[in-house]
Amino acid sequence: MSLDVANLRAQFPILQRQVNGRPLVYLDSAASAQMPRPVLAAVDHYHRELHSNVHRGVHTLSQQATDAFEGAREKVRAFINARSTREIVFVRGTTEAINLVAQSWGRQNLQAGDEILITHLEHHANIVPWQMLCQAVGAKLVAAPLNQHGEVQLEALQGLLSPRTRLVAVAHVSNALGTVLPVRDIVALAHARGIPVLLDGAQAVAHEVVDVQALDCDFYAFSGHKLYGPTGIGVLYAREALLKLMPPWQGGGDMILTVSIERSTWNDLPWRFEAGTPNISGAIGLGAAIDFVESVGRPAIAAHEGALAARASEALGRLPGLRLVGTATHKAAVVSFTMDGVHPHDIGTILDHEAVAIRTGHHCAMPVMEYYGLPATARASFGCYNNEADVERLVAAVSRVREVFS
Amino acid sequence: MDLRDLYREVILDHNRSPRNFGRLEPADAAANGHNPLCGDRLHVTLKLDGERLDDVRFDGQGCAISVASASLMTEAVKGRSLADVDRLYQQVHALLTEQNYAPPTDLGKLMALGGVREFPVRVKCASLCWHTLHAALEAGRAEAPAVVSTEQP
């Protein structure tokens, strides 16, 4: 199950580039993963050979573009084992997927006094859309606490489920801490009370096999660009029984069957939720990214990344004054850390000087930072293309931070 | 581009031991500065003596560049006329952003910020304190007429 990493790296042209005169070490895949040649080629092929609008023309290009676009939808369906492509809505990304659920399903199903349960480790994309919904309908947002390792405890979450809870919306994997949440158990707890569950899968799909039927979740959202695909494309999976009752949230072309000045009738699923010309090249690129990830295999990717992250955590943890933030037992390949007396922003600049690209800041998860009493952390995150040399360069660069600040 | 050009000894020193750190209570004016990109938060309080900046302090948390810049700023502006403070504000801004800027010879320790220009994403870290001071002065000016009226019954 071990990866041929040298061969994999050769698939990613950007890894050849230099930064500040040194070869790039890219450790920011949790923010955005790089694209391999097959994805670049699929997007390029679409633009050179197929480009035209989908679902509209009778001409050859439009038919071929439609086939490629809808073919990508089928790849997504198979990738997450949805029952039907009617359950696969293309959106801009995880953020738009969650906003769609909040504005369509949420406005239809929530009333004043109702509650939405999230956790304290959510990305802003799984907080702010619910706050906006709560303001609009007078509902309340409730957040389950974390323990010191950055884990969400089931008992705590269960204790916050109330007769007024209408939705549970949680991350599958935390972007800031790497914590993998016990989502199957969370779904079971919520479903026992008849409460639907949305999972924010942005950080999960590139690293583990996601089967929406096995998870039994009602909504699952993820982005293409964290899955070695393009930016500006993402997916909302919604259980058909829910999706068919949801009102459209954006109106326009493609989402209708008929339009008169007085009224319109809606298109079938999933197009009812895809107003306007979609991101065709993005969807095709996402399809190619799924093929790529499936060809490498997520169990092998996860094992490889996990080994690198464990090695990095161990080596970094030995450095004086360094503190690992987020030490969950079940954790994805994300290493968040702080250093005594050095702001993460300075760590980021010094690492960039060594051509080591990491994320520094609040990771769009300010409540997590608040929970730990930190303004920010430095975060190294791993992808299938990282290798042991990358870990060594990371550790050497972090040691250099101490030299600069001594 | 050399790291030592950004993290000069003066910068590291002012980061380790920031000068004029804390809050003036009571203060004539105050303002909060926030850099949401990196989470830096600064609070500037000041005392005015007519057209002179009598005293100034800052607190908050931030990266080395932002803390050192704030510390250097308080040293540079304390006791100066508001016209001088405005001039320094302009000069530091030019030092941070203009490639061929020839700074005046009396910028003193503020010259330590000269390396920031080569690190464009860090310019906001160095300028946050100056914007915050500016906002506090604006707030102070807005209150000035009220102060004047109580002193002239």
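Each chain carries its own residue numbering, running from 1 in the written order of its sequence. For this description, chains carry letters from A and ligands carry numbers from 1, given in the order in which they are written. In keeping with the model being predicted, local features are shown solely for residues with a pLDDT of at least 70 and side-chain atom pairs are shown and tallied solely at 80 or more, while totals for entire chains, interfaces and linings include all residues.

## Structural notes on unusual backbone geometry
Part 1 of the argument: Residues Leu269 of chain A and Pro270 of chain A are joined by a peptide bond in cis, for which omega reads 0 degrees.
Part 2 of the argument: Its location among the elements puts Pro270 of chain A in the loop between β12 (264–266) and α10 (280–296).
Part 3 of the argument: With an omega of 0 degrees, the peptide bond running from Glu25 of chain B to Pro26 of chain B counts as cis.
Part 4 of the argument: Helix and strand assignments come from DSSP, with helices taken as H or I runs of at least 4 residues and strands as E runs of at least 2, each series counted from the N terminus. Structurally, Pro26 of chain B is set in the loop between α2 (9–16) and β1 (29–35).
Part 5 of the argument: Here the phi dihedral of Asn81 of chain A falls at roughly 55 degrees; this positive angle occurs in a residue that is not glycine.
Part 6 of the argument: Judged by the 14 C-beta atoms lying within 10 Å of it, Asn81 of chain A is partly exposed.
Part 7 of the argument: Of note, the phi angle at Asn20 of chain B is positive, near 55 degrees, even though the residue is not glycine.
Part 8 of the argument: Along the chain, the position of Asn20 of chain B falls in the loop between α2 and β1. Any residue surrounded by 20 or more other C-beta atoms within 10 Å of its C-beta is treated as buried, while 12 or fewer makes it exposed and the intermediate range makes it partly exposed; C-beta atoms here are placed from the backbone.

## Overview of the sheet that holds strand β16 (residues 359–361) of chain A
Residues and elements named next belong to chain A.
Part 1 of the argument: Any two strands with at least two DSSP-identified bridges between them are counted as paired. One open sheet holds the four strands; their spatial order is β13-β14-β17-β16, and the pairing between them is antiparallel. Sheet topology places β13 (322–325) and β16 at the edges, where each strand pairs with a single neighbour. Each neighbouring strand pair of the sheet contributes to a mean axis angle of 30 degrees, computed without reference to strand direction.
Part 2 of the argument: Direction of pairing for strand β14 (residues 334–339) relative to strand β17 (residues 377–381): antiparallel, over a ladder of four bridges. Directly across from Val335, in β17, lies its bridge partner Ala380. Lines fitted to the C-alpha atoms define the axes, with helices restricted to the stretch that makes contact. Angles between their N-to-C directions range from 0 to 180 degrees.

## Description of the sheet that holds strand β9 (residues 219–223) of chain A
Each strand in a sheet pairs with its neighbour through backbone hydrogen bonds, running either in the same direction (parallel) or in the opposite one (antiparallel).
Residues and elements named next belong to chain A.
Part 1 of the argument: Ordered by their spatial adjacency, seven strands build an open sheet running β4-β10-β9-β8-β7-β5-β6, and the pairing between neighbours is mixed. Every other strand in the sheet has two partners, leaving β4 (88–91) and β6 (140–144) as the edge strands with one partner each. Between one strand axis and the next, the sheet turns by 20 degrees as a mean value, whatever way the strands run.
Part 2 of the argument: In this description, any two residues whose backbone-derived C-beta atoms lie within 7 Å of each other are considered to be in contact. Its contacts with the sheet put helix α4 (residues 94–109) on β4, β7 (165–171), β8 (197–200), β9 and β10 (234–238), and the angle it makes with β10 is roughly 35 degrees.

## Considering the environment of Asp346 of chain A
Part 1 of the argument: If you trace the backbone, Asp346 of chain A turns up in helix α12 (residues 344–353).
Part 2 of the argument: Here the alpha-carbon distance between Asp346 of chain A and Leu308 of chain A, two residues 38 residues apart in the chain, equals 24 Å.
Part 3 of the argument: With residues up to four places along the chain from it excluded, the contact list for Asp346 of chain A reads Cys63 and Ala64 of chain B.

## Observations concerning the domain arrangement of chain A
Residue and element names in this part refer to chain A.
Part 1 of the argument: For each domain, the first and last residues come from an automatic or database assignment. Considered domain by domain, chain A is made up of domain 1 (5–31 + 297–405) and domain 2 (40–294).
Part 2 of the argument: On a C-alpha basis, the centres of domain 1 and domain 2 stand 28 Å from each other.
Part 3 of the argument: With 21 residues of domain 1 in contact, the opposing surface of domain 2 contributes 21 residues.
Part 4 of the argument: Among the elements of the structure, α11 (298–317), β14 and α13 (366–372) are those that each provide at least two residues to the side of domain 1 that touches domain 2.
Part 5 of the argument: Looking at the side of domain 1 that touches domain 2 element by element, the count peaks at four residues for α11.
Part 6 of the argument: For this classification, Asp, Glu, Lys and Arg are treated as charged, while Ala, Val, Leu, Ile, Met, Phe, Trp, Tyr, Cys and Pro are nonpolar and the rest, including Gly, are polar. For the side of domain 1 that touches domain 2, the per-class residue count stands at 13 nonpolar, five polar and three charged.

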